[in-house]
Amino acid sequence: MDRFQWWEDIIHPGENNLLTQGNVKLYDGSKKTLFELGTLTLTTHRLRWKDDINPNTDMSLNLSQIVLIEKESATWTKSAKIIAHLSAILEEDKKPGPVKYSPFNFVKFSFRGGGDKEFFSALSDAIAKKAWEDPSASYPKGKQYRAGIVGIERQIRDRNEATGETISEAFEDLKNLMKMAKEMVNLSKSVSQKLREKQSDITEDETVQFKSYLLSLGISDPVTKSEYGSGSIFHTELAKQLSEALIKPLQTSGGILSLTEVYCRVNRARGVELISPEDLLNACLMLEKLNLPVKLHKFDSGVMVLRLETYDTASEARKVGEILQDKGSLTADELSIFSKVTLVIAKERLLFLEKEGIACRDDSIEGLRFYPNRFLTEGA
């Protein structure tokens with residue numbers, strides 16, 4: 001946005017107003033700005049954006065600085081946008097503007113109230129004609145209507161056509177949503193069928209729990225690198241979002257989740273905005289510094305987990321010790337079923353008991369099995 005300059009109410013030779021569209025938001029590259037609501041005006045020479053709330057914010061961009069424009073179609077949740085790619089070379093006589101420096105060579109205009117198609121067509125035409133290079137060239141002053149009944153009828157017809165296009169686009173989005181919903185229903189039926197086929201092995205409570213997992217985590221506005229960059233700011237914001245999103249899943253999982261399980265859950269919730277294992281780890285390392293209720297913990301074996309700040313290791317050890325005394329012996333697989341935790345966490349809990357002297361191991365060809373330490377309970 002460093003190509004913008006404060007608006008000067010000086011008409012250039014041969015300059016005419018072409019089109020005006022309200023309710024337009026400005027982006028600096030892909031980054032959101034404070035320029036939320038304004039009126040965008042296209043002339044033969046410039047683009048003018050004026051804030052509807054603060055009239056003192058009035059800026060312009062010379063069309064000569066635009067090298068390419070693209071359209072970004074609207075979706076169910078996002079408005080249509082026009083992307084203007086700008087020249088890498090700043091104008092020598094550029095006046096001061098709202099931004100002194102920007103790392104981006106493009107800006108976005110978000111059309112919240114529609115009108116993007118007509119504006120894109122007019123902007124393309126204006127850039128192609130390059131009226132600023134030939135002040136004597138004649139240029140039409142936008143769409144004109146005849147006065148009287150005929151003019152009114154044409155205005156109504158054009159307005160109806162524009163409304164029809166908007167409605168058609170909305171129904172296209174609705175069709176896509178219904179298609180996705182149909183696929184989700186088919187998936188749900190398939191899962192339900194498989195659950196019914198294994199009725200003897202899966203209890204009703206486990207079925208309900210499985211279904212709840214499908215809806216247990218959701219991130220509506222994921223933190224992205226395009227918004228916060230790729231440095232510490234991104235990892236800090238990601239850590240805050242992770243802490244907020246994982247509170248309930250951690251509570252229902254006994255206060256602890258392996259980092260592998262966290263990675264799968266988070267990326268499933270983020271949809272197409274996936275994060276890498278490295279980004280997840282860097283964000284988790286920020287949790288302690290930010291004093292958030294979720295902490296990263298590393299076991300002696302190297303396994304890393306996220307757990308609630310209120311997680312009581314001693315209390316969990318006592319529970320596992322009671323199960324071990326009751327069953328006589330346990331494998332990690334058996335404990336994972338009794339405690340309803342992952343196999344990795346179950347093994348770490350048994351290893352913790354061994355470290356504290358509460359359990360002893362028997363490592364045979366049948367696998368690793370733990371027994372109560374009877375030297376503590378029965379004596380010599």
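Predicted, not measured: the structure shown is a model, and the values here were computed from it.

(A) Just the sheet that holds strand 11 (residues 294–298), in detail. Spatial strand order, 10-12-11: three strands in an open sheet with antiparallel pairing. The open sheet terminates on both sides in strands that have one partner only, identified here as strand 10 (256–258) and strand 11. Each adjacent strand pair in this sheet contributes to an overall mean axis angle of 30°, direction not counted. Examined bridge by bridge, strand 10 and strand 12 (residues 304–308) share three bridges and lie antiparallel to one another. Following the sheet pairing, Ile256 is matched in strand 12 by Arg307.

(B) Here's a closer look at the pattern of salt bridges. Applying the stated criterion across every chain, the model contains 14 salt bridges. Arg349 is paired through a salt bridge with Glu316; the nearest N and O atoms lie 3.5 Å apart. Taken together, the residues span a long stretch of sequence, with Arg349 in helix 10 (residues 343–355) and Glu316 in helix 8 (residues 313–327) at a distance of 33 residues. Of the charged contacts in the structure, one is a salt bridge between Arg369 and Glu334, with a shortest N-O distance of 3.3 Å. A residue pair is termed long-range when its members are at least 10 positions apart, and Arg369 in strand 14 (residues 367–372) and Glu334 in helix 9 (residues 332–339) qualify at 35 residues. Looking at Arg369, the relative accessible area reads 24%, which means it is partly exposed. Overall, Glu334 belongs to the partly exposed group, its relative accessible area being 26%. Counted as one network, the salt bridges with shared partners bring together Lys25, Glu36 and Arg112.

(C) Representation of the pairing of strand 13 (residues 359–364) within the structure. Here strand 13 runs beside strand 14; their pairing, made up of six bridges, is antiparallel. Within strand 14, the residue paired with Ala359 across the bridge is Pro372. Hairpin connection from strand 13 to strand 14: two residues lie between these consecutive antiparallel strands.

(D) Inspection of the nonpolar core at higher detail. Judged by nonpolar contacts, the single largest core of 29 residues is most densely connected at Leu42, Leu47, Ile66 and Phe109. Those elements that place two or more of their residues in this core are strand 2 (17–28), strand 4 (38–43), strand 5 (46–51), strand 6 (58–62), strand 7 (66–72), strand 8 (80–86), strand 9 (106–111) and helix 1 (116–129). Looking at this core element by element, the count peaks at six residues for helix 1. Setting aside anything within four residues of it in sequence, one finds Leu47 in contact with Leu40, Thr41, Leu42, Met59, Ser60, Leu61, Leu63, Ile66, Phe109, Phe119 and Leu123. Formed by 21 residues, the second largest nonpolar core is a distinct cluster that contains Val223, Leu238, Leu280 and Leu292.

(E) Quick look at the pairing of strand 2. Judged from the five bridges that link them, strand 2 and strand 4 form a sheet pairing that is antiparallel. For Gln21, the partnering residue across the bridge sits in strand 4 and is Leu40. Relative to strand 9, strand 2 is paired through five bridges, and the arrangement is antiparallel. Counterpart to Leu26 in the pairing with strand 9 is Phe109. By the bridge criterion, two bridges tie strand 2 to strand 3 (residues 31–32) in an arrangement that is antiparallel. Note that in strand 3 the partner of Tyr27 across the bridge is Lys32. Linking two consecutive strands that pair antiparallel, namely strand 2 and strand 3, is a turn of two residues; a positive phi of about 65° is found at Gly29 within it.

Scoring rules and cut-offs
Residues numbered from 1 in each chain as written. Predicted model: local features only at pLDDT ≥ 70, side-chain atom pairs only at ≥ 80, totals over all residues. Heavy atoms only, no water. Pairing = 2+ DSSP bridges. Helix = DSSP H or I, 4+ residues; strand = E, 2+ residues; numbered from the N terminus. Axes fitted to C-alpha atoms, helices over the stretch in contact; angles between N-to-C directions. Salt bridge = Lys/Arg side-chain N within 4 Å of Asp/Glu carboxyl O. Buried < 20%, exposed > 50% of the residue type's maximum accessible area, 1.4 Å probe, protein only. Core = buried A, V, L, I, M, F, W, Y, C linked by side-chain atoms within 4.5 Å. Contact = heavy atoms within 4.5 Å.

Function cannot be read off these values alone, since they describe shape.
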